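Now for the letters of each chain:
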Amino acid sequence: MDATHLGDVVVRRARESESDALVGIDAVAVEGDAHRRASIGKWCRDGLVLVAEGESGLLGYCVVEYTFFEQGFVTMLMVASAARGRGVGRRLLDAVAASCTSPKLFTSTNVSNQPMQRLLRRAGWSPVGLLHGLDEGDPEVFYLCDR
Ligand SMILES: CC(C)(COP(=O)(O)OP(=O)(O)OC[C@H]1O[C@@H](n2cnc3c(N)ncnc32)[C@H](O)[C@@H]1OP(=O)(O)O)[C@@H](O)C(=O)NCCC(=O)NCCS
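In this report, we go over the structure that sits alongside the text. Every value quoted in this text rests on a predicted model; they were computed, and no experiment measured them. (Residues numbered from 1 in each chain as written. Predicted model: local features only at pLDDT ≥ 70, side-chain atom pairs only at ≥ 80, totals over all residues. Heavy atoms only, no water.)

1. Brief notes about the overall build of the protein chain
Assigned secondary structure in the protein chain consists of five helices and seven strands. Element order for the protein chain, N to C, with α for helix and β for strand: α-β-α-α-β-β-β-α-β-α-β-β. If you line up the protein chain on its principal axes, its C-alpha atoms span 40 × 35 × 30 Å. Out of the 147 residues belonging to the protein chain, those deemed buried represent 47%. Separation between the mean location of the 16 positive side-chain charges and that of the 19 negative ones in the protein chain comes to 4 Å. (Helix = DSSP H or I, 4+ residues; strand = E, 2+ residues; numbered from the N terminus. Buried < 20%, exposed > 50% of the residue type's maximum accessible area, 1.4 Å probe, protein only. Lys, Arg positive; Asp, Glu negative; His and termini not counted. Charge placed at Lys NZ, Arg CZ, Asp CG, Glu CD.)

2. Focus on helix α5 (residues 114-122)
By the burial criterion, the buried members of α5 are Met 116, Gln 117, Leu 119 and Leu 120. Along the long axis of α5, the arc covered by the buried residues comes to 160°, so they all point the same way. Exposed side chains of α5 directed beyond 90 degrees from the buried face belong to Pro 115 and Arg 122. Close packing links the buried residues of α5 with β4 (71-79), α4 (88-99), β5 (105-110), β6 (125-131) and β7 (140-145). The backbone nitrogen of Met 116 lies 3.1 Å from a side-chain oxygen of the residue at the head of α5, namely Asn 113. (Arc of directions from axis to C-beta. Contact = heavy atoms within 4.5 Å. Polar contact = N/O pair within 3.5 Å; in protein donor to acceptor, adjacent residues only side chain to side chain.)

Written as structure tokens, this is what we have:
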């Protein structure tokens, strides 16, 4: 997909009725993970989800919550497998940064998740700490958005 086509991608808030469609583009939920499916339903009901939508339908989504020391925290960023590597993740992160209502915006990901960390650094986020003990042998790196 070229940059022109990417211009057709719209980022907007998800409707509650789109919960099933989001399950369909979530690589974990679509495999049958009941917890992820339930989380998607709750995030949609609570109005926490931004979606990226193209001509073919939903391409990705992200979730921002404000329960982390009352600062914004990107709980989830997911791009449909077939839509990766086209700037959709970047688009969602930039939309989140622009709409964040708290002074600071954080996220975290596993050390092993190199695609997510490359994306965060390119989008202007900085690593601010490492947390051991969540996933055995794969610590969580926290990032802060420089905005
Ligand atoms: C991590 C993730 C969100 C990235 O989303 P994405 O839409 O692929 O991200 P982008 O397209 O913005 O960037 C990915 C790559 O595509 C490249 N790219 C972006 N736009 C491009 C374009 N128009 N043409 C060619 N390449 C492009 C970027 O340079 C980047 O390359 P790099 O990885 O070599 O640095 C996605 O891989 C994903 O959903 N993973 C599973 C869930 C996950 O791990 N989420 C994070 C933890 S919650």
